[in-house]
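The residues making up each chain are set out below.
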2 protein chains.
Amino acid sequence: MPQFRKDPIVNRWVIISAERAMRPSDFTEVVGEESEEVEEAKANCPFDEGNEGATPPEVMAYRPKGSKPDTPGWTIRVVPNKFPAVSREGQPTRTSHGMYDQIDGVGAHEVIIETPDHDLKFTDFPSEQLQSVLHAYGERMSQLKKDARLDYILIVRNHRKQGGASLKHPHSQLIALPFVPHSVMEELEGSKQYFDNKKRCIFCDIAQQEIEERVRLVDENEDFLAICPYAPRFPFEVWILPKKHRTQFEETTRQGTKTISEILQRTLKRLDVALNNPPYNLWIHTSPISLTNPPYYHWHIEITPQIALVAGFERGSDCYINSVPPEDAAQTLRGVKLAF
Amino acid sequence: MPQFRKDPIVNRWVIISAERAMRPSDFTEVVGEESEEVEEAKANCPFDEGNEGATPPEVMAYRPKGSKPDTPGWTIRVVPNKFPAVSREGQPTRTSHGMYDQIDGVGAHEVIIETPDHDLKFTDFPSEQLQSVLHAYGERMSQLKKDARLDYILIVRNHRKQGGASLKHPHSQLIALPFVPHSVMEELEGSKQYFDNKKRCIFCDIAQQEIEERVRLVDENEDFLAICPYAPRFPFEVWILPKKHRTQFEETTRQGTKTISEILQRTLKRLDVALNNPPYNLWIHTSPISLTNPPYYHWHIEITPQIALVAGFERGSDCYINSVPPEDAAQTLRGVKLAF
């Protein structure tokens, strides 16, 4: 059973998951050259149509009415991660260990297989397919929210091997935890403090200033804004946020799913062209399960290309050196000519 | 002029340093294979003896009495970083930009060239040389503390290219800032809260529990303890901390320098053997300049091998998945037979 353990100084939880060490690509090669870009023969890809038996049984799928689970014909499949960082069974029992705190490693770790098409680039998804992916995120979140053991659900998408994708077939991950992870907790605390002081949502204020200034604006549509944030940790970091105060991603309407998919695809396409298909990480920050409609918090997507070194200074200080001012990055991204 | 900018939500400063983009190895190769391990012809290494002109003029050196600055004969040289992330000149003026905060990017960014010997491994340094390196850290810190513009001094050591070392010649870096960086601020806040509650230093309590439990102990001597912390973010992460309450690294005595160098070298040697010369990052966390002898904070060294993937989940949650329990890592490291 994995364990959550809390750093007693900074109150940051980590997941100690020895089982996870079994995963083939968990450690980077230390010596010699990087191995080739991840690439599997179609026959071996566990996410391909026809290979449904290579994954744990699906927990949800979009498939024709009447077709059986774990058979071909689906457009999206959600399955438990074969190498989960957390355990689906058991209770998140809290215990002490001398001065330290731990929780039994209970949660959920799922894979959203975004298309049966092994080679389809995420940026080339038909709009309806991307909308379905976003809808699937929301559906899984709504389902898992009913599990009283959980308090946070994070959606993550890694692109390319350097970005942490262990398989090339388009997929994203969902990780559900019995606590709110450190970076979200920091956002909640910071935005609550701002709200207590000003009685305004800081995300709404950011959206307003960015719309007025326009220098860090990457794209926008009727519902959403894509910006390079004012103090980005990483070069070409982009955030996508709702223009109106929206606290829960999973409450996105059909119309919302359409406009998110539109701005998300345009933004990723801009990054793809400007940086030549960079590795990236994408995640959704939304409100914790136990917090309904906070007036101070606003769900959003963060996208960070993995193109800059993260070395001792960054690790040791959490103060990132970013050599690309967000105004320059936004200008470059705005300048990309989109074919659609 | 670089700029410090504050993320308004989580109050984390970043350094926006467009000048830094000029540095040859700042971006990782995005496409294709990793280039070879960093390796320069001796004639081209700016840190080699005889190439003193290739660096900015030295700010300090250990060299024979009477020998001229920036000439051969030194054992340790400290020079300004040729590609500094911050500017040595000017004032750290604070300004607002709408709802955002910025500070002019004033600070210091220095390189400690640890030996004239290009090929000497840090783990093979004669003990006196390593003591001199630690002494040089302290001397530079004491000197820079007098600069009223500064509030924090961080020492960082990156090993191997994957660890962020842009040159192979043994060296470390010093970065001085007009504010306390995020991760140190978190430690200060967390340890102060613990102290307010218990009237004890949390680092002293950790040292005591680890000495009693011994399962996460890597090494110890009369003054210091090397442990795998209870909730490590990274596999084989090691902390070295004074057994007694010590708040300022730069106040280390000669005897202290000797026993740090001893446990540091033994610890790095253990990592070197156990993980086959892994890339790593090492840093020293000490008290801010403006905080003298806090009863709640304890200086320490953190060492994190760069052998595990940091992907979207970690970036998006700051909740690290660590597949090596610290008890297992400590056992492996304790088991390494040391020749000295």
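Residues numbered from 1 in each chain as written. Chains lettered and ligands numbered in written order. Predicted model: local features only at pLDDT ≥ 70, side-chain atom pairs only at ≥ 80, totals over all residues.

Before going further, it helps to spend a moment on the pairing of strand β9 (residues 171-177) of chain A. Residues and elements named next belong to chain A. Taking burial as the measure, the seven residues of β9 include seven buried ones, the bulk of the element. Along β9, one buried face is formed by H171, Q173, I175 and L177 and the opposite face, lined by S172, L174 and A176, is buried too. Taken together, the six bridges between strand β7 (residues 108-113) and β9 define a ladder with antiparallel strand orientation. Opposite I112, over in β9, you have S172 as the bridge partner. (Buried ≥ 20, exposed ≤ 12 C-beta atoms within 10 Å, placed from the backbone. Helix = DSSP H or I, 4+ residues; strand = E, 2+ residues; numbered from the N terminus. Pairing = 2+ DSSP bridges.)

Residues and elements named next belong to chain B. In spatial order, the strands read β3-β4-β7-β9-β8-β13-β14-β12-β11-β10; together these 10 strands make up an open sheet with antiparallel pairing. With one partner strand each, in any of the chains shown, β3 (60-62) and β10 (217-220) form the two edges of the open sheet. Averaged over all pairs of adjacent strands, the angle between their axes in this sheet comes to 20 degrees, without regard to strand direction. Across the sheet, helix α3 (residues 202-213) touches β10, β11 (224-227), β12 (238-242) and β14 (300-305), and the angle it forms with β11 is around 75 degrees. (Axes fitted to C-alpha atoms, helices over the stretch in contact; angles between N-to-C directions. Contact = placed C-beta atoms within 7 Å.)

To continue, consider the relation of the copies chain B and chain A. Each copy of the sequence occupies a distinct position, and chain B is placed on chain A by a rotation of 180 degrees and an axial shift of 0.0 Å, giving an RMSD of 0.0 Å. The two molecules are tied by a two-fold rotation axis, judged by turn and shift. The overlap is high: 100% of the interface residues of chain B also sit at the interface in chain A, so the same surface is used on both sides. (Least-squares fit on C-alpha atoms with pLDDT ≥ 70 in both.)

Before going further, it helps to examine unusual backbone geometry. Residue and element names in this part refer to chain A. Backbone geometry places N11, a non-glycine residue, at a positive phi of 55 degrees. One can find N11 in the loop between β1 (3-6) and β2 (13-16). For N276, which is not a glycine, the phi torsion comes out positive at approximately 60 degrees. Among the structural elements, N276 can be located in the loop between α4 (254-275) and β13 (280-285).

To continue, consider the domain arrangement of chain A. All names here are of chain A. Its domain assignment divides chain A into domain 1 (3-21 + 42-182) and domain 2 (199-335). Of note, the centres of domain 1 and domain 2, computed from C-alpha atoms alone, are 22 Å apart. Going through the elements one at a time, α1 (127-144) and β8 (152-159) are the ones with two or more residues in the side of domain 1 that touches domain 2. A total of eight residues in the side of domain 1 that touches domain 2 trace back to one element, the largest contributor, which is α1. Counted by class, the side of domain 1 that touches domain 2 contains 10 nonpolar, 11 polar and four charged residues. (Domains from an automatic or database assignment. Nonpolar A, V, L, I, M, F, W, Y, C, P; charged D, E, K, R; others polar.)

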